[in-house]
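Next come the chains, spelled out residue by residue.
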Amino acid sequence: MDETLTRADATKVLRRLRELLRPYRGQIALATLLLVSQTACLLAGPALVRYGIDSGLGPGDGGALNTAAIVYLVIAFVGAYLGRLVILMVARVGETFLRDLRERVFRHLLSLGLDFFEREKTGRLVARMTSDIEALQELVSVGLVMFVQNALIFVGAIVVIFLLSWQLALFVLVVVPPVVIASRWFRRESNRAYLEVRDRIGQNLATLQEGLAGVRVVQAFGREPAVTRRFRGTNEAQYDAHLETVRISARYFPFVEFSGVFGTALIIGIGGWFVNRDIVTVGTVAAFVLYLNNLFEPVQQLSQLYNLVQQSGAALQKLFELLDTRSSITERPGAVDLPDEGPLQVEHVTFGYGDGEPVLHDVTLPVAPGERLALVGPTGAGKSTLAKLIARFYDPREGRVRFGGVDLRDATLRSLRRRIVVVPQEGFLFAGTVRDNIRFGWAEATDAEIDDAISALGLTERFDALIDGLDTEVRERGSRLSAGERQLVSLTRAALADPTLLVLDEATSNLDPGTERTVEQALERLMEGRTVVVIAHRLSTAERADRIAVVDEGRLAELGTHEELLGREGCYASLYAAWMAAPAATG
Ligand SMILES: Nc1ncnc2c1ncn2[C@@H]1O[C@H](COP(=O)(O)OP(=O)(O)OP(=O)(O)O)[C@@H](O)[C@H]1O
Ligand SMILES: [Mg+2]
C-alpha cells in the first residue's frame, strides 16, 4: 500500500501545503510562538528543582526554596494555559482548512468530465473524501501540536542538559541512541503491521457483508457451514494481524522503560561520583534525572505520531492529485453562446473511449430544427455514445458536432447546457420533495412555472395524486416513488429546463400499460416544438419519429423515414420484424 511518501514527493506536498496555508500565516506564527513558550515553561521545571536543591535545601535557605516552589507553580500554570490556547488555535485553523479542502475537492469533482467518473470507482472517490481527510483530521485535532511539541521538548532538553553540565550530558547521550534506534524500528514495524491490520479488517468485513447480503441464497442451498468456514479464515487472519502489532509493542515499550531506568541509574551513579569530585551539584543531578523524562517520552511519542504525519502526507498528496486532474470538457477562451435555434449537424464523427478502439466511425447526421430523429440499433451499437457526443459529454476524436453552426467545442458551457438537455434512461432523484427534484432542471423556477411545466405535460392530476402532492418526499434515490413516477419527474424536470434540443434515452424498464400511456403522452408533449434525438427502444417511438437513423457497429447504417426504411428491407426492416414478433416490447 502506498502510505508513505518519497522525499521528493514530500517536498512537493509541503510546498503546496504552504501555499494553501498562506491565509493562516499569522495564526500559525502565533501558535508556534505560544508552543515555544509552553515548551520553555515545561523545561524550566527541572531547572527550578535544581535551584531549590542547590540554593534552598543545601544551604538551608527557606526563602530560596519558597521562591523555587512558587515560581514552579506559576510556570506550570502558565504552561498549561498556553497549551490550551495552542490546541484551540491549531484546531481552529486546521478545521477551517479541512472544511475548505472538502468543499474544494467536492466542487472540483463535480466539474470533471464523464470520462473521469467512468475511469474512477465511486468507492475510491468517496475514500478520498472520508479516510484521507480523516487522517488529516486526526492530525490537525491533536497530532500536529503533539508532534511539534515533542520535537521541541526533545531538542530543548538536550540543549539544556548540555548547558547545565556537558560532562554529565555526554553520559545521557549513551542511553539516547539505542532508544532512538529502537523507536525507528518500532515506527517502521508498527506501520507495516497497522496497514496489515487495516487490510485484514477490510477483508473480514467484505466476507461478513457478502454473507449477510447473500443470506437468502446461503440458506436456500444450506451453505451456512461453508460460508462460516470462509469467515473463520478471514477472522483468524485479522486476529493474527492484531497479535502481530501487540508483539511489536511488547518488545518496544518494555525496552524503552528499561532504558529509562537504566539511564536514571547511570546518571545517579555517575552524578554521585561527579558530586564527590565537585564537578556538578546535587541539584544538577536531580535536574538531570527529571530531564531524562523529557528525552524518553518525546522519542516514544514521536515514533507513534510519525506514522500519522506520514499518512497525512500521503493523503494530502492523493487529494492534490485529484485537485490537479483537469476536466476533459472545458470552455475555451473566447467561447460564444449557442444560438437559440438552429440545425444539429454531426459531421464525420469518429470516437472511442479513452485510448480504446473507436466505437463510432465517421458518423454524419444532420438534424433539422424541430425535427424528431430516432436512433435505433442493436445493443452496443453506439447509440448512447452518439447521444453523449451530441450533448458534449465527450469531444469527438475526429469530425465535429455543431448546433446552429457553432462547433460545440467553441460554445460556452452555460449556453450548451441550457440549449441541449439530455434525459437519461433512469433520471436520478435526489433526497428532497418531488418539487425540489423538478426544480433541479431550472433552479430559478418559481412554483407557478413548475405548475405550468407540469400542466403542459398533462401531469397535474398525476402528481396531485401523490400522498403529499408535489411536497411528497422521494427519499433516497426516489425509493418512495414507482418507476413510472420517477420517469415522470425526470420528464417534467426536462420540460422546466425548456431546451431547444432534447436528447432522450428512452427508458427500457417495463411499466404497466396505464402508466406507460401517461409517460408516453407526457413525452409526446415534451417533444412538441423541439428538436429531438431519441434513442428508441420501442417500435412506437421509432414509428412516430420524422426520420430514423439505424446505428450498427458504430456506423450510420441507414437513414430515412419509417416507410422508406421498411421498403429498403435492410437493418431496420429486420429490427421491425423482431419488434413485431415480441409483442411486449411494442408498447
Ligand atoms: N464508458 C465506456 N468506456 C468504454 N467503452 C464503452 C463505454 N461505454 C460504452 N462503451 C462501449 O462502446 C460501445 C457502444 O456503447 P453504447 O453504450 O453507445 O451502445 P448502445 O448502442 O447505447 O447500446 P444499448 O442499446 O445497449 O444501450 C460498446 O461496445 C460499449 O462496450
Ligand atoms: Mg445505450
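Since the structure is predicted, the reported quantities are computational estimates derived from the model, not experimental observations.

## As for the overall build of the protein
Phase 1 of the analysis: From N to C terminus, the protein includes 19 helices and ten strands.
Phase 2 of the analysis: Scaling as 2.2 N^0.38, a compact globule of 587 residues should have a C-alpha radius of gyration of about 25 Å, whereas the protein reaches 36 Å, well beyond that.
Phase 3 of the analysis: Considering only C-alpha atoms, the protein reaches an extent of 120 × 60 × 50 Å along its principal axes.
Phase 4 of the analysis: For the protein, restricting intrachain contacts to residue pairs at least 6 apart in sequence, the fraction spanning at least 24 positions comes to 78%.
Phase 5 of the analysis: Carbon and sulfur atoms form 58% of the exposed surface of the protein, whose accessible area is close to 30,900 Å².

## Brief notes about the site of ligand 1
Phase 1 of the analysis: Taken together, Glu118, Tyr353, Val359, Pro378, Thr379, Gly380, Ala381, Gly382, Lys383, Ser384, Thr385 and His537 make up all the residues around ligand 1.
Phase 2 of the analysis: Starting from 630 Å² of accessible surface for ligand 1 in isolation, the protein chains cover 62%.
Phase 3 of the analysis: A total of three residues in the shell around ligand 1 trace back to one element, the largest contributor, which is helix H10 (residues 383-390).
Phase 4 of the analysis: Class assignment of the residues belonging to the shell around ligand 1 gives a composition of four nonpolar, six polar and two charged.

## What about the nonpolar core?
Phase 1 of the analysis: Counting 45 residues, the largest nonpolar core has Val434, Ile438, Phe463, Leu491, Leu504 and Tyr572 as the members making the most contacts within it.
Phase 2 of the analysis: The dominant element in this core, judged by the number of residues it contributes, is helix H15 (residues 483-497), at seven residues.
Phase 3 of the analysis: Those residues in contact with Tyr572, other than ones at most four positions away along the chain, are Val376, Leu539, Ala542, Glu543, Ile548, Val550, Glu558, His562, Leu565, Leu566 and Trp579.
Phase 4 of the analysis: Ranked by size, the runner-up nonpolar core spans 31 residues in total, among them Val349, Leu375, Leu389 and Phe403.

## Considering helix H3 (residues 62-111)
The α-helix winds at 3.6 residues per turn, so residues separated by three or four positions along the chain end up facing the same way.
Phase 1 of the analysis: Spanning 50 residues, H3 covers 73 Å between terminal C-alpha atoms, matching the ideal 74 Å at 1.5 Å per step.
Phase 2 of the analysis: With a side-chain oxygen lying 3.0 Å from the backbone nitrogen of Gly63, the N-terminal cap of H3 falls on Asp61.

## Some words on the sheet that holds strand E4 (residues 398-403)
Phase 1 of the analysis: Spatially, the four strands line up as an open sheet ordered E2-E1-E4-E5, and their pairing is antiparallel. Bordering the open sheet on either side are strand E2 (360-367) and strand E5 (406-407), each of which pairs with just one other strand.
Phase 2 of the analysis: Taken together, the five bridges between strand E1 (residues 344-351) and E2 define a ladder with antiparallel strand orientation. Each bridged residue has a counterpart across the sheet, and for Gln345 the counterpart in E2 is Pro366.

## Overview of the side chain of Thr500
Phase 1 of the analysis: As for its position among the elements, Thr500 is in the loop between H15 and strand E7 (501-505).
Phase 2 of the analysis: Classification of Thr500 as buried rests on a relative accessible area of 17%.
Phase 3 of the analysis: Of note is the side chain of Thr500, whose polar atom sits 2.9 Å from the backbone oxygen of Asp340.
Phase 4 of the analysis: Non-local contacts of Thr500, meaning those with residues more than four positions away in its chain, are made with Asp340, Glu341, Phe403, Arg419, Arg530 and Thr531.

## Considering the environment of Arg475
Phase 1 of the analysis: Structurally, Arg475 is set in the loop between helix H14 (460-464) and H15.
Phase 2 of the analysis: By relative accessible area, Arg475 is classed as partly exposed at 47%.
Phase 3 of the analysis: For the pair Arg475 and Leu413, spaced 62 residues apart in sequence, the C-alpha to C-alpha distance is 31 Å.

## Focus: the pairing of E1
Phase 1 of the analysis: For E1, the tally of buried residues reaches six of eight residues, placing the bulk of the element in the interior.
Phase 2 of the analysis: Bridge analysis of E1 against E4 gives five bridges, and the strand direction is antiparallel. Bridging from a neighbouring strand, Val346 pairs with Val401 of E4.

## A look at the confidence of the model for the protein
Phase 1 of the analysis: Overall, the predicted model of the protein reaches an average pLDDT of 88, with 97% of residues at or above 70.
Phase 2 of the analysis: Mean pLDDT across the elements of the protein ranges from a minimum in helix H4 (residues 114-119), with 82, to a maximum in E1, with 96.

## Some words on the domain arrangement of the protein
Phase 1 of the analysis: Each domain of the protein was delimited in the assignment, giving domain 1 (7-164 + 308-328), domain 2 (166-279) and domain 3 (344-586).
Phase 2 of the analysis: One C-alpha centre belongs to domain 1, the other to domain 2; they are set 24 Å apart.
Phase 3 of the analysis: Counting residues at the interface gives five residues for domain 1, matched by eight residues for domain 2.
Phase 4 of the analysis: Buried surface at the junction of domain 1 and domain 2, both sides included, amounts to about 530 Å², of which 74% is carbon and sulfur.
Phase 5 of the analysis: Contact with domain 2 buries area across many residues of domain 1, yet Ile161, Phe162 and Gln311 alone supply 76% of it, more than any other trio.
Phase 6 of the analysis: Here domain 1 and domain 2 share one residue pair in polar contact (both at pLDDT 80 or more) between them.

Procedures and definitions
- Residues numbered from 1 in each chain as written.
- Chains lettered and ligands numbered in written order.
- Predicted model: local features only at pLDDT ≥ 70, side-chain atom pairs only at ≥ 80, totals over all residues.
- Heavy atoms only, no water.
- Helix = DSSP H or I, 4+ residues; strand = E, 2+ residues; numbered from the N terminus.
- Rg over C-alpha atoms; globule rule 2.2 N^0.38 Å.
- Contact = heavy atoms within 4.5 Å.
- Areas by Shrake-Rupley, 256 points an atom, 1.4 Å probe, with all protein chains shown as cover.
- Near = heavy atom within 4 Å.
- Nonpolar A, V, L, I, M, F, W, Y, C, P; charged D, E, K, R; others polar.
- Core = buried A, V, L, I, M, F, W, Y, C linked by side-chain atoms within 4.5 Å.
- Buried < 20%, exposed > 50% of the residue type's maximum accessible area, 1.4 Å probe, protein only.
- Expected span 1.5 Å × (residues − 1).
- Polar contact = N/O pair within 3.5 Å; in protein donor to acceptor, adjacent residues only side chain to side chain.
- Pairing = 2+ DSSP bridges.
- pLDDT = per-residue confidence, 0-100.
- Domains from an automatic or database assignment.
- Buried area = accessible area lost by both parts, 1.4 Å probe.

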